[in-house]
Amino acid sequence: MGILYGKYDLLNQMDPLLLGGDMNARFQAAGTVQLKSAPVRFEAGTPNIEGVIGAGRAAEYLMDIGLENIHAYEKELRAYFVEKISKLDNIELYNPDNEYGPVTFNAKGVFAQDAAGYLATRNCAVRSGNHCAKILHEITGTDSTIRASLYFYNTKDEVDRFVEACRDITLENAVGIFF
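Residues numbered from 1 in each chain as written. Predicted model: local features only at pLDDT ≥ 70, side-chain atom pairs only at ≥ 80, totals over all residues. Heavy atoms only, no water.

A. Structural context of the side chain of threonine 145. Secondary-structure assignment places threonine 145 in strand E6 (residues 145-148). Separated by 3.0 Å, the side chains of threonine 145 and histidine 131 make a polar contact. (Helix = DSSP H or I, 4+ residues; strand = E, 2+ residues; numbered from the N terminus. Polar contact = N/O pair within 3.5 Å; in protein donor to acceptor, adjacent residues only side chain to side chain.)

B. Here's a closer look at unusual backbone geometry. The omega angle of the peptide bond from alanine 38 to proline 39 is 5°, so this bond is cis rather than trans. Turning to its location among the elements, proline 39 is positioned in the loop between strand E2 (33-35) and helix H2 (49-65). Positioned with a positive phi, cysteine 132 is a non-glycine residue whose angle comes to about 60°. As for its position among the elements, cysteine 132 is in the loop between strand E5 (127-129) and helix H5 (136-140).

C. A look at the pairing of strand E1 (residues 24-27). Note that E1 and E2 share three bridges and pair antiparallel. Paired with phenylalanine 27 across the bridge in E2 is valine 33. The antiparallel hairpin formed by E1 and E2 contains five residues in its connecting segment, where glycine 31 sits at a positive phi of about 105°. (Pairing = 2+ DSSP bridges.)

Given below as C-alpha cells:
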C-alpha cells in the first residue's frame, strides 16, 4: 500500500512502474498501450482494498489521538531517553540536542552492529550501520552508529529497560553472542 502525491498534469505524463489490470484505456496486439488518466494509470492489477481500508483506519486512529499530542509525547520521551542514556559512561551520543527523531549513539569500543546484536538479545530493536549516510564519518568521526527510534507507543518503562541493556554493552558480551 502506498500513496503517490503529485500535480495531476505531471502524474499524467509519468510512466507507471507496472502495467496491468484496469489501467489501460486501449491497447493493440503490436504493443501500443494507451493508459487511463491518473490515478488509475498507476493501479496495475487488483486494487489493494484491504490496504486502503487499513491505511484509512490508521489515519483515523492517529487523528483521534491527535498529531500534536503524539508530537509532544515523542519530544518528552526523547528528552527522557537522552537524559537517562547520557549518564552511561560506555555510551557516546551523537545528537543529544535534537528535540525530535532517532537518538544516534555508539557503545564505546564496540562495533555498532555487534552492540545492536547484543541489544537484540535483550529484546531491544535498533538499527545499526551507516544508515545510507555515506558521509557519516565526516560528521560524527565514525563509520557506523546505532539508532534508536521512539514513538507514542513507547513508554518510559521501556526506555528504562533499554538504558539498562545499554549499560551492559561491553566488547566481551556483544561479540560473545556470535561465538
